[in-house]
Amino acid sequence: MPEIQVVEAAFGGLLGLLIGSFLNVVIHRLPQMLERQWAAECAQLSGQAQAPGEPLSLLRPRSRCPHCGHAIRWYENIPVLSYLALRGRCAACHATIGLRYPLVELATGALFAWCAWRWGATPAALAWSAFAATLLALTLIDWDTTLLPDDMTLPLLWGGLIAAALNLNGVPLSTALWGAVAGYVSLWAVYWAFKLATGKEGMGYGDFKLFAALGAWFGWQALVPMILMASVIGAGVGIGMKFANTLREGGYVPFGPFLAAAGLTAMLFGPEAILRAVGL
C-alpha cells in the first residue's frame, strides 16, 4: 500500500541521514589513514624511524573543528538539524562549516529513501542503499584526492557478486561475473593503449576496479551505456574547467566521479534510460 511505502521511505531517509553523517567522516579521514599507512610502509622499507602520531581511525578521535580544535558534542552532530541550528558555524570559534556536510547527509537520505520506496523493507533495499552510499563517498574522495581506495572499491565489487548470488540486484550471477571481468579488462585495455601511444597514464587502477564493480551490480550489458555517459559528462566537465582555468595541477580530472554518477543513474532509472537520453 502507498501508506506503507511512505513509512518505509521515511525510515529509509532517516537511516540515510545518519549514514550520511558517517560518510562525511569516511570522506575526510580515509585518505588521511591511507597516507599514514603508506608513510609507515615507506619508513619501514627504508629503515627510518617514524615519529608516532595521534591514532586515527573512522571512530577515533572524536570529530573536531579544524580551526580551533573544539570537540564536537553529540547535539552538535545531528544530521542537517545541527547545521541549521548553528547557522553553519562552529559553536566555539564561529568558523564557517562547509555546506558539503549537510548536502552529503541530505543526498544519502534521499538515496536511502528512494531505495526503501522502490524495494520496501527488504534485503534488496539495504543492498542498493549500501551501493549508493559507497558510490557517493567514492565520488567525493576521488574528486578531492584522485584516489579510489581499495577499501571501498573491492567490497563494492564483491557486494555486487554476492547480491547477484542472493538474487538481490536482479542480475544472474554469471552475468554479474562477466560484467566484473569486462568492466576491469575494458578500462585496463584503454589504460595501456593510451599509455603506449602517449607515454602518459590516462586513469588510475581504481577506475578499473570501480567499473568492474558496476559490471557486477548491473551485468556486462550495462557497461556500454554507463561508460558512454561517464565519458561524455567527464569530457564536458573537463573542457568547462579548462576554459574556466580551474583544472588542478597537471590538468587531471578524476574519472571516478563520472563512473559513479553513471552507476547511480543506472540504479535510479535503469541502464537503458542512459541510451535513450543520448538517442541510442
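Residue indices follow the written sequence of each chain, beginning from 1 at its first position. Given that this is a predicted model, residues contribute local features only at a pLDDT of at least 70 and side-chain atom pairs are listed and counted only at 80 or more, while totals for whole chains, interfaces and linings are drawn from all residues. Excluding hydrogens and water, the side-chain figures rest on all heavy atoms present in the structure.

> Is there a simple way to explain a nonpolar patch on the surface in this structure?
Each patch is built from salt-bridge-free residues with over 30% relative accessible area, joining like charges within 9 Å and nonpolar side chains (Val, Leu, Ile, Met, Phe, Trp, Tyr) within 5 Å. The method behind every accessible area is Shrake-Rupley, applied with a 1.4 Å probe, and residues are considered shielded solely by the protein chains displayed. Salt bridges, as used here, are contacts in which a Lys or Arg side-chain nitrogen is within 4 Å of a carboxyl oxygen on Asp or Glu. Judged by side-chain polarity, Leu177, Trp178, Val181, Val185, Trp188, Trp192, Leu196, Tyr205 and Trp220 come together as a nonpolar surface patch covering roughly 950 Å² of accessible area. Each helix corresponds to a stretch of at least 4 residues labelled H or I by DSSP, and each strand to a stretch of at least 2 residues labelled E; elements are numbered beginning at the N terminus. Considering each element in turn, the nonpolar patch owes the most residues, seven residues, to helix α6 (residues 173-198). Following the sequence through the fold, valine 185 ends up in helix α6. Residue burial is assigned from relative accessible area. The probe radius is 1.4 Å, only protein chains are included, and a residue is buried under 20% of its type maximum, exposed over 50%, and partly exposed in between. The class of valine 185 is partly exposed, set by a relative accessible area of 44%.

> Hey, could you run me through the nonpolar core in this one?
As a rule of thumb, soluble globular proteins bury nonpolar side chains together. In plain words, nonpolar cores are sets of buried Ala, Val, Leu, Ile, Met, Phe, Trp, Tyr and Cys residues tied together by side-chain atoms within 4.5 Å. Counting 57 residues, the largest nonpolar core has Phe131, Phe218 and Met226 as the members making the most contacts within it. At the level of elements, α1 (2-46), α3 (100-119), α4 (123-145), α5 (150-165), α6, α7 (205-218), α8 (223-243) and α9 (256-269) are the ones that each hand at least two residues to this core. Ranked by the residues each element gives to this core, the list is headed by α4, at 11 residues. Two residues form a contact once any of their heavy atoms are found within 4.5 Å. Contacts of phenylalanine 131, omitting those with residues within four sequence positions, involve Leu156, Leu214, Trp217, Phe218, Gly263 and Met267.

> What am I meant to see in the layout of surface pockets here?
Over the atoms rolls a probe the size of a water molecule, and its path tells where empty space is left. Cavity: a set of points on a 1 Å grid over the protein atoms alone where a 1.4 Å probe fits but cannot get out. Pocket: an open set with protein on both sides within 12 Å along at least five of seven lines, its lining residues, like those of a cavity, having an atom within 4 Å of a point. Grid points are joined across faces, edges and corners, and a volume is the space filled by probe spheres set on the points. Looking at the largest pocket, its volume works out to about 1,100 Å³. Along its surface, the largest pocket is lined by 44 residues, and Ser63, Arg64, Ile72, Asn77 and Tyr101 are the ones closest to its centre. Taken together, the elements giving at least two residues each to the lining of the largest pocket come down to α1, α2 (81-85) and α3. Of all the elements, α1 adds the most residues to the lining of the largest pocket, at nine residues. Throughout, the ten residues Ala, Val, Leu, Ile, Met, Phe, Trp, Tyr, Cys and Pro are labelled nonpolar, Asp, Glu, Lys and Arg are labelled charged, and all others, Gly among them, are labelled polar. Its residues placed into classes, the lining of the largest pocket shows 23 nonpolar, 11 polar and 10 charged.

> Hey, could you run me through unusual backbone geometry in this one?
Excluding glycine, a negative phi dihedral is what most residues carry, and trans is how most peptide bonds are arranged. At the junction of arginine 60 and proline 61, the peptide bond is cis and its omega measures out at -5 degrees in the coordinates. Checked against the element boundaries, proline 61 lands in the loop between α1 and α2. A positive phi angle is found at threonine 146, which is not glycine, with a value near 60 degrees. Among the residues examined, threonine 146 registers a relative accessible area of 43% and is labelled partly exposed. Although it is not a glycine, asparagine 167 sits at a positive phi angle of roughly 60 degrees. By relative accessible area, asparagine 167 is classed as exposed at 59%.

> How should I be thinking about the pattern of salt bridges in this particular structure?
Evaluated as defined, the whole model comprises four salt bridges. In this structure, the salt-bridge partner of glutamate 76 is arginine 73, at a minimum N-O distance of 2.7 Å. Judged by relative accessible area, arginine 73 falls into the partly exposed class, the value being 35%. In this structure, the salt-bridge partner of lysine 209 is aspartate 150, at a minimum N-O distance of 2.8 Å. Linking lysine 209 in helix α7 with aspartate 150 in helix α5, this pair joins segments that are 59 residues apart in sequence. Overall, the relative accessible area of 34% leaves aspartate 150 in the partly exposed class.

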